[in-house]
Amino acid sequence: VETDYSLAGSYIWQEAEPDENRFENLSELTVFTWFRLTESWSGTGEWRFDANSADTTRASLGLIWANECVEVGLSLSRRFVSSTNVEPATEFDLRIALAGLGTGPSARTTRQRCRG
């Protein structure tokens with residue numbers, strides 16, 4: 001069954017474990033969405049929230065164009081948190097995948113085959 005959107009969420013809670021260099025409890029909520037804009041275009045979004053500090057830790061938006069032969073994705077993500085070894089950062093990502101060459105299952109179902 002083909003859908004025009006999906007929404008997924010998760011919540012994780014981990015108790016502090018000093019032996020693993022985790023000195024505070026971890027409580028994080030993540031929400032991910034995928035939505036079809038047209039036959040060839042779709043979008044994605046992700047949001048992570050640290051419930052202990054009441055701060056957004058990461059947010060991202062993506063745009064994907066796909067046909068029977070190729071999938072091209074462009075995304076922008078921002079990591080807001082900082083620690084002793086991780087700084088806040090903004091990342092741009094461009095991904096090009098050829099259909100059927102180890103890209104794994106796609107959220108999009110194609111009814112046609114790529115013919116060269």
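Residues numbered from 1 in each chain as written. Predicted model: local features only at pLDDT ≥ 70, side-chain atom pairs only at ≥ 80, totals over all residues. Heavy atoms only, no water.

### Some thoughts on the environment of Ala-59
For Ala-59, the location among the structural elements is in strand β4 (residues 55–66). In this structure Ala-59 comes out as partly exposed when scored by relative accessible area, which is 26%. Counting along the chain gives 21 residues from Ala-59 to Phe-80, while the straight-line C-alpha distance between them is 8.3 Å. If we skip the residues at most four places from it in the chain, Ala-59 touches Glu-46, Leu-76, Ser-77, Arg-78 and Phe-80. (Helix = DSSP H or I, 4+ residues; strand = E, 2+ residues; numbered from the N terminus. Buried < 20%, exposed > 50% of the residue type's maximum accessible area, 1.4 Å probe, protein only. Contact = heavy atoms within 4.5 Å.)

### Quick look at the pairing of strand β3 (residues 41–50)
Across nine bridges, the pairing between strand β2 (residues 26–36) and β3 is antiparallel. Each bridged residue has a counterpart across the sheet, and for Phe-32 the counterpart in β3 is Glu-46. Hairpin geometry of β2 and β3 is characterised by an intervening segment of four residues between the two adjacent antiparallel strands. Strand direction decides the pairing type here: β3 and β4, joined by 10 bridges, are antiparallel. Bridging from a neighbouring strand, Gly-45 pairs with Leu-61 of β4. From the end of β3 to the start of β4, which pair antiparallel, there are four residues, and Ala-54 there has a positive phi angle of about 55 degrees. (Pairing = 2+ DSSP bridges.)

### Structural notes on the pattern of salt bridges
Evaluation of the coordinates by the stated rule reveals four salt bridges. Note that Asp-4 is salt-bridged to Arg-36, the shortest N-O span being 3.4 Å. In this pair, Asp-4 is assigned in the segment before β1 (5–14) and Arg-36 in strand β2, connecting sequence segments 32 residues apart. Notably, a salt bridge pairs Arg-22 with Glu-20, separated by 2.7 Å at the nearest N-O pair. Arg-22 sits in the partly exposed class, given a relative accessible area of 25%. (Salt bridge = Lys/Arg side-chain N within 4 Å of Asp/Glu carboxyl O.)

### Details of unusual backbone geometry
Note on backbone geometry: most residues besides glycine have negative phi, and most peptide bonds are trans. For Asn-21, which is not a glycine, the phi torsion comes out positive at approximately 60 degrees. For Asn-21, the position within the fold is in the loop between β1 and β2. Overall, the relative accessible area of 62% leaves Asn-21 in the exposed class. Although it is not a glycine, Ala-54 sits at a positive phi angle of roughly 55 degrees. Topologically, Ala-54 is positioned in the loop between β3 and β4.

Interpretation note: all reported values are geometric properties and have no functional meaning in isolation.
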